[in-house]
Amino acid sequence: MLLDLLKKRCSLRDFSSKDIEKEKIDYILKAGRLSPSGGNEQPWKFGVITNKDLIKKISNLAYNQKWINDANFLIVLCTIIVSDKRGGRDIQRARFPEFKDSINNMDKKLYSKLNQEEHQTKIPGTHMVLAALEQGIGSTWISYFKVEEVSKLLNLDKNCIPSEIIAFGYPKKKIKPKKKKSLDDIVFYNEN
Ligand SMILES: Cc1cc2nc3c(=O)[nH]c(=O)nc-3n(C[C@H](O)[C@H](O)[C@H](O)COP(=O)(O)O)c2cc1C
């Protein structure tokens, strides 16, 4: 049952040094690939970072979150912000009229000012976290990192923004999931 899997999920920052099999990484990526997206545009790229030196550099760029160093691999979820197919970003233009003229040439600074509006990558990321968990692999999301510097490090195109990073690895020890709010606290039907 999906709910049983979800009940086991918790952020893991204490990774064992055990290597993760290539097939398992492929399985995680396939789960991400099957995500829904607005207009089925699939505006993303998934960067798999297995190189220890790059992982260390990303850990530094994530404001020195040292635990990231011990991850077996990272997936950098990148958002492709300009769709040529649709001839521009109509949604942003409508929502942020003050940036209307800039939106066609949106750069990374502007993008972060827009509060990373296009983060559809949370969806494939969620698929990946669950696909990993199903195989006994733990993970933690990372959104506290220097976006522009990670883009430079990974040599990403101007319109390809690293929106989230997820660190993966086998757990060193079992950890207890955190308490969550009750349904009464977070749900309303029809009107609040
Ligand atoms: C979008 C997002 C960004 C996050 N960024 C970070 C991060 O930069 N560093 C970190 O240690 N944890 C990060 N987390 C993990 C949260 O701290 C964690 O999900 C939260 O405390 C709830 O714990 P749980 O995942 O065990 O349920 C992030 C989680 C999400 C969903």
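This text follows the structure it describes.
J.: Whenever I open this one, the nonpolar core confuses me. Can you help?
T.: When a protein is soluble and globular, its nonpolar side chains tend to lie buried together. Ranked by size, the top nonpolar core spans 23 residues in total, and within it Leu74 and Ile142 carry the most contacts. Mapped by element, the contributors of at least two residues to this core are α3 (52-61), β2 (73-80), α7 (147-153) and β4 (160-169). Leaving out residues up to four positions away in the same chain, leucine 74 has contacts with Gly47, Val48, Ile49, Ile55, Ile58, Ile68, Ile165, Ile166 and Ala167. In this structure, Ala31, Ala131, Phe168 and Tyr170 belong to the second largest nonpolar core, which totals 16 residues.

J.: I keep staring at the packing of aromatic side chains and nothing clicks. Help me out?
T.: Describing an aromatic ring pair means giving the distance of the ring centres and the angle of the ring planes. Under the counting rule described, the total for this entry stands at four aromatic pairs. Centroid distance tryptophan 44 to phenylalanine 46: 6.1 Å. Interplanar angle 25°. Geometry classified as stacked. We classify phenylalanine 46 as partly exposed; its relative accessible area is 24%. Geometry around tryptophan 67 places arginine 13 over its ring, the cationic atom sitting 5.7 Å from the centre. Lying over the aromatic face of tyrosine 170, lysine 18 brings its terminal NZ or CZ to 4.2 Å of the ring centre.

J.: Please explain the site of the ligand as it appears in this structure.
T.: By nearness alone, 15 residues border the ligand, and Arg9, Ser11, Gln65, Lys178 and Lys180 come closest of all. Contacts to the ligand include lysine 180, whose side-chain N or O atom sits 2.6 Å from an oxygen atom. In isolation the ligand has 620 Å² of accessible area, and contact with the protein removes 70% of it. Top element by residues in the shell around the ligand is strand β3 (residues 138-142). It accounts for three residues.

J.: Quick question: what am I supposed to make of α3 here?
T.: Helical geometry note: an α-helix holds 3.6 residues per turn, so side chains three or four residues apart project in the same direction. Listing the buried residues of α3 in full gives Ile55, Ile58, Ser59 and Leu61. Projected down its long axis, α3 carries its buried residues within an arc of 160°, all on one side. Buried positions along α3 lie against β1 (44-49), β2, α7 and β4. Between a side-chain oxygen at the N-terminus of α3 and the backbone nitrogen of aspartate 53 the separation is 2.9 Å; the capping residue is asparagine 51.

Basis of the calculations
- Residues numbered from 1 in each chain as written.
- Predicted model: local features only at pLDDT ≥ 70, side-chain atom pairs only at ≥ 80, totals over all residues.
- Heavy atoms only, no water.
- Core = buried A, V, L, I, M, F, W, Y, C linked by side-chain atoms within 4.5 Å.
- Buried < 20%, exposed > 50% of the residue type's maximum accessible area, 1.4 Å probe, protein only.
- Helix = DSSP H or I, 4+ residues; strand = E, 2+ residues; numbered from the N terminus.
- Contact = heavy atoms within 4.5 Å.
- Phe/Tyr/Trp six-rings, centres within 6.5 Å; stacked < 30°, edge-to-face > 60°.
- Lys NZ or Arg CZ within 6 Å of the ring centre and 35° of its normal.
- Near = heavy atom within 4 Å.
- Polar contact = N/O pair within 3.5 Å; in protein donor to acceptor, adjacent residues only side chain to side chain.
- Areas by Shrake-Rupley, 256 points an atom, 1.4 Å probe, with all protein chains shown as cover.
- Arc of directions from axis to C-beta.

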